[in-house]
Amino acid sequence: MKTQDAEKRKTALTKQFGEAVTPTVDRDGVLEVVVAPPQAPEVLKTLHEEYDFHQLHDLTAVDYIKDNQITVVYRLMNLDKPDMLVVKVPLDRSQPEVATATGIWPAANWLEREVYDYFGVKFVGHPNLTRIMLWEGFDGHPFRKDFQAFDQAPPDIEPHEAYLASGFEGPMDLRDVGNGNGAARKLIVNFGPQHPSMHGVFRAAVELDGETIVDLKPIVGYLHRGLEKLAEMRTWAQVIPYTDRTDYLAAMNNNHAYVLAVEKLAGIEVPLRAEIIRVLMCELNRIHSHLMAIGCFGLDTGAITPFLYVWREREKIYDLFEMVCGGRLLTTYFRIGGVARDLPPEFLPRLKKFLQEFPKCIEQYNNILSGNEIFQMRLRKVGRLTREVALKYSITGPMLRAAGVNYDVRKADPYSLYSKFDFKVPLGKNGDAWDFYWLRVLEMWQSMRIVNQAIEYLEEVGPGPVLAKVPKTLKPKEGEAYVHIESPKGDLGCYVVSDGGPNPYRFRWRPPLFINVQSLPELVRGWKIADFIAIFAGYDAVMGEVDR
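Just so it is clear, the model here is predicted, and its values are computed rather than measured. Every chain is numbered on its own, with residues counted from 1 as its sequence reads. Confidence filtering applies because this is a predicted model: local features only for residues at pLDDT of at least 70, side-chain atom pairs given and counted only at 80 or more, and all residues used for totals across whole chains, interfaces and linings. Excluding hydrogens and water, the side-chain values take into account all heavy atoms of the structure.

Draft legend 1. Spotlight on the pattern of salt bridges. A pair is scored as a salt bridge if a Lys or Arg side-chain nitrogen falls within 4 Å of a carboxyl oxygen belonging to Asp or Glu. Here the structure, examined in full by the defined rule, presents 37 salt bridges. Taking the shortest distance from any N to any O, the salt bridge between aspartate 63 and arginine 93 comes out at 2.7 Å. Of the two residues, aspartate 63 is situated in strand E3 (residues 55–64) and arginine 93 in the loop between strand E5 (83–92) and strand E6 (97–99); the sequence distance between them amounts to 30 residues. For every residue, the accessible area (1.4 Å probe, protein chains only) is compared with the maximum for its type, and the residue is labelled buried under 20%, exposed over 50%, or partly exposed between those bounds. Classification of aspartate 63 as buried rests on a relative accessible area of 1%. Here a helix means four or more residues in a row that DSSP labels H or I, a strand means two or more in a row labelled E, and each is numbered from the N terminus.

What follows is the structure in structure tokens.
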């Protein structure tokens, strides 16, 4: 059915745009459309308005230096079916320019800035085409294949200029509005990158009228480590530990996305027992991540005790991780072709004991946090994420489902063995801070269901291999592959391109948080500064994933 729909669209687009497009259907039934740069805006707009690809899932680029081209890759999603479509726009390397897509999908803003930062592609008409991860004044674009690395120091920028670069106009701290002597005074306050109410090194420049938020400018990049560039200089297997360090509260899930992409690219079949173990570990990691999320909800709103309580269960999960791989936070357990080693004999009894105790722990969290009247007043009807805003900004994960959109990659585009497991996808009704919190509590129950089924499945399958035979120096054939999974933060994607060599030619990490955080100004305008803290807690921000 998926391939049939893609073929119908292929025929329709060819008829509509003629030689300006070259559509093909890949092995997964995904339509790929190569578009000439002048026609790109019209094709993208048509796909959005007439074909219902209402979400810009991802936007990146690949430097094909041999062909003297930089190809911009748009990955579009229709969440209702669900369905994916890829648009590729090849640009001349000497002057790579294409029209911006921000007028179609506001989510394109940061994604286009990132491509400009890394590749030097100019998106004509972009509202603020400046660097987003590297500093202004950085010489060159490091993801180009002919880029020569050398020591660079940030330029000397006057404080006023640095402030203007953050996206606000006017004096450094105060801005006059209105006319005459009775002009109101609006204050700019920087929350972060070092602030007790911020998650990691995130900076929010907040414009206030009293305690009411007039506008907010999210500023990222303080934790940028160049993950995607580093991957190009490592073998396929050596990339795995780097994925742990993006969302470092979900290392297993990160590993999963990457190894699935490489296995798809290289045509590697994973043993059944290894697939079951992967699902089990990923769901344990989802519980672990959500525990930290609900604990931080309490901490951010002034309740310290719940944050301390969740560490009790998180430590038990850490102990289980340590039993299988020796790691706790950064596990590096998954391998291309399976997992590093089988579960030790004492693992499943310990896990069963944890699953028996954990429901009482959730009940305890509900008694001290979920049922707390003050906590509920801080979250209920605070913030408002609608379906329209969620689609505009390509939001995924618990936040998207809090807006009532029934999209979970495990159900929508099942990977690994998820199609064999019975579980539900909790949905919210109001898209407020309370739904952001409560859905994570409900998802922990569903993850427990999956883990219990995985234990039964393992016992039914019995002993067996957990790692396929993979060459020590893997050299996948020339080509590309894309895989996306449901991480605790949202739709996590991995795009790999091979030129037949021992390391990735291009490695793209589609971070759900980086894309989600763009929507923050929409959610906080008109709310009080204290509400901003409660709303931002709903993003469950880990800056390692945002900045990479």
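That shown, we press on.
Draft legend 2. Just the environment of asparagine 68, in detail. By the element assignment, asparagine 68 lies in the loop between E3 and strand E4 (69–78). Here asparagine 68 falls in the partly exposed class, since its relative accessible area comes to 41%. Remark: the alpha-carbon pair of asparagine 68 and leucine 391, spanning 323 residues in sequence, is separated by 35 Å. Those residues in contact with asparagine 68 that sit more than four places away from it in its chain are Leu91, Asp92 and Arg93. Contacts are residue-level and defined by heavy atoms, with any inter-residue pair within 4.5 Å sufficient.

Draft legend 3. Focus on a nonpolar patch on the surface. Nonpolar side chains collect at one region of the surface, where Leu299, Ile304 and Leu308 lie side by side and expose about 290 Å² of accessible area between them. Positionally, leucine 308 belongs in helix H9 (residues 304–325). Judged by its relative accessible area of 55%, leucine 308 falls in the exposed class. Patch criteria: residues need more than 30% relative accessible area and no salt bridge. Like-charged residues are merged within 9 Å; nonpolar side chains of Val, Leu, Ile, Met, Phe, Trp and Tyr are merged within 5 Å. Note on areas: Shrake-Rupley with a 1.4 Å probe; residue coverage comes only from the protein chains shown.

Draft legend 4. Inspection of the state of the cysteines at higher detail. In what follows, a disulfide is any cysteine sulfur pair within 2.5 Å. In the structure shown here, the tally under the stated rule is zero disulfides. Unpaired in this structure, cysteine 361 has its nearest cysteine sulfur neighbour in cysteine 296, at a distance of 18 Å. Cysteine 494 forms no disulfide, and the closest cysteine sulfur to it belongs to cysteine 282, at a distance of 14 Å.

Draft legend 5. View of the side chain of asparagine 285. Looking at where asparagine 285 falls in the secondary structure, it is placed in helix H8 (residues 272–300). N or O atoms within 3.5 Å of each other form a polar contact, as long as, within protein, one can give a hydrogen and the other can take it, and as long as residues adjacent in sequence are counted only when both atoms are side-chain atoms. Only 3.3 Å separates the side chain of asparagine 285 from the backbone nitrogen of alanine 251, close enough to count as a polar contact. Those residues within four positions of asparagine 285 in sequence are excluded, and the remaining contacts are Leu249, Ala250, Ala251, Met252, Asn253, Phe321 and Pro488.

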